[in-house]
Amino acid sequence: MQEWQLAHLPSPQEVPDVTGDFIQQYLTPQKIKITEADAVKITKNTSSGQWTAVEVTEAFCHRAALAHQMTNCLHEVFFSAALEEARLLDEYLARHGKPKGPLHGLPISLKDQFHVRGVETTMGYVSWIGTFQGKPYDGRALNYESELVRELRELGAVLYCKTSVPHTLMGAETSNNIVGYVRLPQNRRLSPGASSGGEGALIGFRGSPAGFGTDIGGSIRHPSALNGLYGLRPSSGRSPYEGAANSMDGQNVMPSVVGPMATSASALKLLMKAVLSQQPWLQDPLVVELPWRTEMEESVLDLIRSSTDGRGKLAFGVLKHDGCVMPQPPVQRAMEYVTGLLKRLGHKVIEWEPPSHKLAAKLAFEIYGLDGGRDCFQNLSLSGESPIPQVLEPFNHGQGKQADASQIAAINIEKREFQKAYLDYWNETINVTGTGRTADALITPVIAYTAVKPHQLRYVDYSLFVNILDYPSVTVPVTRADKAIDKQDQTYRPENSQDQQVYDDYDAELYHGSPIAVQLVGRRLHEEQILTLAEYLSGLLDFH
């Protein structure tokens, strides 16, 4: 809408932080109240009629429009269609006296991999503009929707925008030749991460209460951590990917997964439970028939309740250093704070000494390069556009050697052996937890960096091991960087070139105030357990 367009856009140097007080000057008190509520509170109000779906949708459309002007976070907007959908939901509630579903009237944003009827999907490629996944429209394409989109509509959600990605999806920062470089709303001199960076920036700006991204190496978790958000990377087969666009489609050695991002841990649980209630395994052949397990959730809650009255305790593995790169000072402090807090509450904390994470990272990068970069660079060549600098290098600009069947089989075997060794290690923790159980969860940094300057995210291995293991992981914001506290250790001697780079990249002044998160990692397909633990930990931390 024309009135949402700003006459003057301050530069990132003039106004680095465009959240909070700065953006509130453009919004009414009611719109501020709505857009700064989490998804759980919003659905409670829209389902009861306290807030109309139309007023909630308009508030988020307005704030999303402002977010894009400040950060370049959007690819597609369909506000008019969203407002009409919201109107129909209000009519439904009035007519039936009940909400359409558990997400009634909740605006949800989508990473630009998901197809929405009447809306283009470019996935950051110039060549995909005006086509359907790089191919001419066949008359049906614009009516096609991804399975997740269909389910969200059935649940009562309102879809209103799609967010920016790095073309190829294989970049550590979000940029493309369509909308340019996406910036972190809390400090626009920095990056919001990738490849779900548009989602991270939009939700971090509170232009969306919740959305869905994808993750093949940290693409949900990095933007969530850098924007101070909660993000779930589920195990593969737990959420529907059917009908979504993707890079290297068909690469199933280490599959990409779909997961929610939101402003609270409770919102992640709401979204996951809602999607699973749609029985996605009936429409997506790769989804496991595994409904939300209330009994697993309750068993964790029982442990939490017993720990608060002294009758029991939880056990957490803690990995502060992966043996290759030391995290920057604010990340170290966040890890120490969480560890100390859990100990003070009587929980067991054990040092995590697993099979080499360096091997996991090696395997991940080999998997990224299996097709020699053909898929990514063929799509770039259709328009003649140049790849953004942030695209990962295993592709060799499309000239790399494609792996043959024997090489792929060998990688699968090596990955399986790593998974088995890690499984055995986790099982052995029963001998040291003192609870009669193995570790309930593992806590690690999400990334070694406090924040990311443009073109400087050089190490992502803290998230890669999770993808190789196919474990669920949730980012949990802990604190903010503080230049007065988080001093560089001048006596530290980096152990290798990557360690030196991360050490040298630390900038206490520039990074001041940046959100710092940890990740909670659980056993494969134990999303109920890890989300419940994330809710518990977030309640202890009270991040803001």
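Preceding this section is the structure that the text describes.
The model shown is predicted, which means the values in this text are computed figures rather than measured ones. (Residues numbered from 1 in each chain as written. Predicted model: local features only at pLDDT ≥ 70, side-chain atom pairs only at ≥ 80, totals over all residues. Heavy atoms only, no water.)

Some remarks on the sheet that holds strand S9 (residues 315–318)
Right, on to step 1. In spatial order, the strands read S1-S3-S2-S6-S8-S7-S12-S13-S11-S9-S10; together these eleven strands make up an open sheet with mixed pairing. Looking at strand neighbours, the two that pair on one side only are strand S1 (74–77) and strand S10 (348–351), the edges of this open sheet. For this sheet, the mean angle separating the axes of adjacent strands, direction not counted, is 30 degrees.
Right, on to step 2. The pairing of strand S12 (residues 473–480) with strand S13 (residues 515–521) spans seven bridges and is antiparallel. Across the sheet, the residue bridging to Ser473 is Val521, located in S13. (Pairing = 2+ DSSP bridges. Helix = DSSP H or I, 4+ residues; strand = E, 2+ residues; numbered from the N terminus. Axes fitted to C-alpha atoms, helices over the stretch in contact; angles between N-to-C directions.)

Notes on the pairing of strand S3 (residues 158–163)
Right, on to step 1. A large share of S3 lies buried, amounting to six of its six residues.
Right, on to step 2. Strand direction decides the pairing type here: strand S2 (residues 107–111) and S3, joined by four bridges, are parallel. Bridge pairing in S3 links Lys111 to Thr163. (Buried < 20%, exposed > 50% of the residue type's maximum accessible area, 1.4 Å probe, protein only.)

Some points on the nonpolar core
Right, on to step 1. Of all hydrophobic cores here, the largest spans 98 residues; its most connected members are Leu103, Ile108, Leu152, Phe212 and Leu520.
Right, on to step 2. With ten residues, helix H4 (residues 53–71) is the largest single contributor of residues to this core.
Right, on to step 3. When residues are assigned to domains, this core turns out to be shared by domain 1 (2–282) and domain 2 (310–540), each giving three or more.
Right, on to step 4. Look past the residues within four positions of Ile108 in its chain and what remains in contact with it is Leu103, Leu152, Ala157, Val158, Leu159, Tyr160, Ala210, Gly211, Phe212 and Leu271. (Core = buried A, V, L, I, M, F, W, Y, C linked by side-chain atoms within 4.5 Å. Domains from an automatic or database assignment. Contact = heavy atoms within 4.5 Å.)

Some points on the environment of Arg524
Right, on to step 1. Locating Arg524 in the fold gives a position in the loop between S13 and helix H19 (527–541).
Right, on to step 2. Here Arg524 falls in the partly exposed class, since its relative accessible area comes to 40%.
Right, on to step 3. Put simply, Arg524 and Tyr471 are 53 residues apart on the chain and 4.4 Å apart in space, counted from C-alpha to C-alpha.
Right, on to step 4. Once residues lying within four places of it in the same chain are set aside, the contact partners of Arg524 are Ser235, Ser236, Leu469, Asp470, Tyr471 and Pro472.
Right, on to step 5. At a separation of 3.0 Å, a polar atom in the side chain of Arg524 contacts the side chain of Asp470. (Polar contact = N/O pair within 3.5 Å; in protein donor to acceptor, adjacent residues only side chain to side chain.)

Structural notes on helix H16 (residues 461–469)
Right, on to step 1. With nine of its nine residues buried, H16 lies for the most part within the structure.
Right, on to step 2. Every buried residue belonging to H16 is among Asp461, Tyr462, Ser463, Leu464, Phe465, Val466, Asn467, Ile468 and Leu469, and all of these are buried.
Right, on to step 3. Following H16 by one or two positions, Asp470 has its phi on the positive side, about 65 degrees.

Section: the pattern of salt bridges
Right, on to step 1. Taken as a whole, this structure holds 28 salt bridges when the rule is applied.
Right, on to step 2. Of the charged contacts, one joins Arg150 and Glu147 as a salt bridge, the two residues approaching to 2.8 Å between their closest N and O atoms. Of this pair, Arg150 and Glu147 both sit in helix H6 (residues 147–154), three residues apart, roughly one helical turn.
Right, on to step 3. Residue Lys420 pairs with Asp424 through a salt bridge whose shortest N-O separation is 2.9 Å. Taken together, the residues span about one helical turn, with Lys420 and Asp424 both in helix H14 (residues 405–428) at a distance of four residues.
Right, on to step 4. For Lys420, a relative accessible area of 47% puts it in the partly exposed group.
Right, on to step 5. Overall, the relative accessible area of 27% leaves Asp424 in the partly exposed class. (Salt bridge = Lys/Arg side-chain N within 4 Å of Asp/Glu carboxyl O.)

That's the geometry; what it means functionally is another story.
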